[in-house]
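What follows is each chain in one-letter form.
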Amino acid sequence: MPLDRRRFLASALAAPAVVPLLGSLPRPALARAVPPAGPVAGLYRFKVGAFEVTSINDGMLTLALDQFPAADRAGAEALLQRAFQPPAAIPTAVNAYLVNTGDRLVLIDTGTATAMGPSLGKVGANLKAAGVDPADVDLVVLTHMHPDHANGLVDPAGTAVFGKAHLAVAEAEYGFWTDDGILSQAPAGVQPFFHMARAAVKPYAGPDRISRFGKEAEIIPGIRVLAAPGHTPGHSMVEVTSGSDRLLIWGDIVHAASLQFAKPDWAINFDTDQQLAIASRKRVLDQVAADRVLIAGAHLAFPGIGHVGRAGEGYEFVPAFWQS
């Protein structure tokens, strides 16, 4: 029946108050919740076809605007302000990804372990929280051999963390970091990265423990690697396919989402070949936007899952909706 405004107001005014004023309520005893011991596990599980994928957070680090040498200062500060981020401490996550194919556990990247300070190194604890014993991991695939991706391969004593796992890494990547000639010519500040990369893969160096792939290869059914060089010589992406579903784990295509989606030609100073890294980023962003591919990023805000859309002359990241 239609609402009679006058009748509604009259009945509301005539009705007795059913909620007493706060001051007249009896004061209950204050309940004090005990804070949980330790951080909440950085885990997010979702499905890609029949596969289960778990995003695993290793922690976070901060970048400075000065690390993007081509950035227009005023334009970059405007982008950071829009993202509520300061130019001197741009937050970036470090994420790894675990794929359960049903008969194999595949870990893509391993986090930093103890290499990069207390805000990082949480992959091991988060694997444990997920109920995964490192001894159960069958295959580790590295997108590249920087310490925030490879150092979790070993414990502080230099022993393999993943005792039975096979390691897969690009031939170009392995060759670069293990080449003594390249090491001897590297600046002194960069040489520790070579030593950490070598130490990380050393326990897996036997022919039955490591595979070195080319620009494109299927490692196991449903797990395919694709070259995206520039950030490092053998930087690779991992394509996960099950049925009609596809996920592209793109490694370090983007380091600062607030900047590099809008301005993909802004390279970071960590890139070994900045122009090649820019070309790879533009190619990948264009492809995943056109094909509407679900992507996962090592340095996108956890859980790092979403899509890429075109926005003006650049792109934008659209986080995936939570799968309960």
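Here the residue index of a chain counts from 1 through its sequence in written order. Two thresholds apply to this predicted model, a pLDDT of at least 70 for residue-level local features and 80 or more for giving and counting side-chain atom pairs, whereas whole-chain, interface and lining totals are computed over all residues. Think of the side-chain values as coming from all heavy atoms in the structure, minus any hydrogens and water.

Some thoughts on the overall build of the protein
Numbering of helices and strands starts at the N terminus; helices are DSSP runs of H or I of at least 4 residues and strands are runs of E of at least 2. The secondary structure content of the protein amounts to 9 helices and 14 strands. In terms of principal-axis extent, the alpha carbons of the protein reach across some 90 × 45 × 40 Å. Burial statistics for the protein: of 324 residues in total, 44% are counted as buried. By definition in these notes, contact holds between two residues if any of their heavy atoms fall within 4.5 Å. Looking at the protein alone, contacts between residues at least 24 apart form 67% of all its contacts between residues at least 6 apart. Total accessible area on the protein is roughly 16,800 Å²; 58% of this is exposed by carbon and sulfur atoms. Buried, partly exposed and exposed residues are distinguished by accessible area as a fraction of the type maximum, computed with a 1.4 Å probe on protein chains only: under 20%, between the cut-offs, and over 50%, respectively. In short, Shrake-Rupley with a 1.4 Å probe defines the accessible areas, and a residue's cover is counted only from the protein chains shown.

Here's the deal with helix H9 (residues 274–291)
How far a helix is expected to stretch is found by multiplying one less than its residue total by 1.5 Å. Across its 18 residues, H9 extends 26 Å between first and last C-alpha, which sits within 8% of the 26 Å expected from 1.5 Å per residue. Taken together, the buried positions of H9 are Ala-277, Ile-278, Ser-280, Arg-281, Val-284, Leu-285, Val-288 and Ala-289. Down the axis of H9, the buried set is contained in an arc of 165°. They therefore lie on one face. Check the buried side of H9 and you find it contacts strand S10 (236–242), strand S11 (245–249), helix H8 (257–260), strand S12 (294–296), strand S13 (305–311) and strand S14 (314–319). The distance from a side-chain oxygen at the start of H9 to the backbone nitrogen of Gln-275 is 3.3 Å, and the residue carrying that oxygen is Asp-273. Two residues or fewer after H9 comes Arg-292, characterised by a positive phi angle close to 55°. Think of the arc as the fan of directions from the helix axis to the C-beta atoms. Polar contacts here mean pairs of N or O atoms no more than 3.5 Å apart (in protein, one a potential hydrogen donor and the other a potential acceptor; neighbouring residues in sequence count only if both atoms are side-chain atoms).

Considering the sheet that holds strand S3 (residues 90–100)
At least two bridges found by DSSP between two strands are what make those strands a pair. Pairing in this open sheet of 7 strands is mixed, and the strands run S1-S2-S3-S4-S5-S6-S7 from one edge to the other. The two strands at the open ends of the sheet, each matched to only one other strand, are strand S1 (43–48) and strand S7 (210–213). The average undirected angle you get between the axes of adjacent strands in this sheet is 25°. Sheet topology note: the strand S2 (residues 51–63)/S3 ladder contains 11 bridges and is antiparallel. Each bridged residue has a counterpart across the sheet, and for Asn-57 the counterpart in S3 is Asn-95. Throughout, an axis means a line fitted to C-alpha atoms (over the contacting stretch in the case of helices), and angles, computed between N-to-C directions, take values from 0 to 180 degrees.

Some details on the layout of surface pockets
Here a cavity is any set of points on a 1 Å grid over the protein atoms alone where a 1.4 Å probe fits but cannot get out, and a pocket is any open set with protein on both sides within 12 Å along at least 5 of 7 lines; a residue lines the site when it has an atom within 4 Å of a point. Grid points are joined across faces, edges and corners, and a volume is the space filled by probe spheres set on the points. Approximately 710 Å³ is the volume found for the largest pocket. Taken together, 35 residues line the largest pocket, and the ones lying closest to its centre are Ala-257, Ser-258, Phe-261, Glu-316 and Phe-317. Of all the secondary structure elements, the ones that give two or more residues to the lining of the largest pocket are helix H2 (73–82), S3, H8, S13 and S14. By residue number, the principal contributor to the lining of the largest pocket is S14, which donates 5 residues. Residue polarity is assigned by list, with Asp, Glu, Lys and Arg as charged and Ala, Val, Leu, Ile, Met, Phe, Trp, Tyr, Cys and Pro as nonpolar; anything else, Gly included, falls into the polar class. Residue composition of the lining of the largest pocket, grouped by class: 22 nonpolar, 7 polar and 6 charged. Roughly 420 Å³ of internal volume is contained in the second largest pocket. His-146, Phe-193, His-231, Phe-270 and Asp-271 are, among the 22 residues lining the second largest pocket, the residues nearest its centre. Elements supplying a minimum of two residues to the lining of the second largest pocket: S2, helix H4 (147–150), helix H5 (171–177) and helix H7 (191–201).

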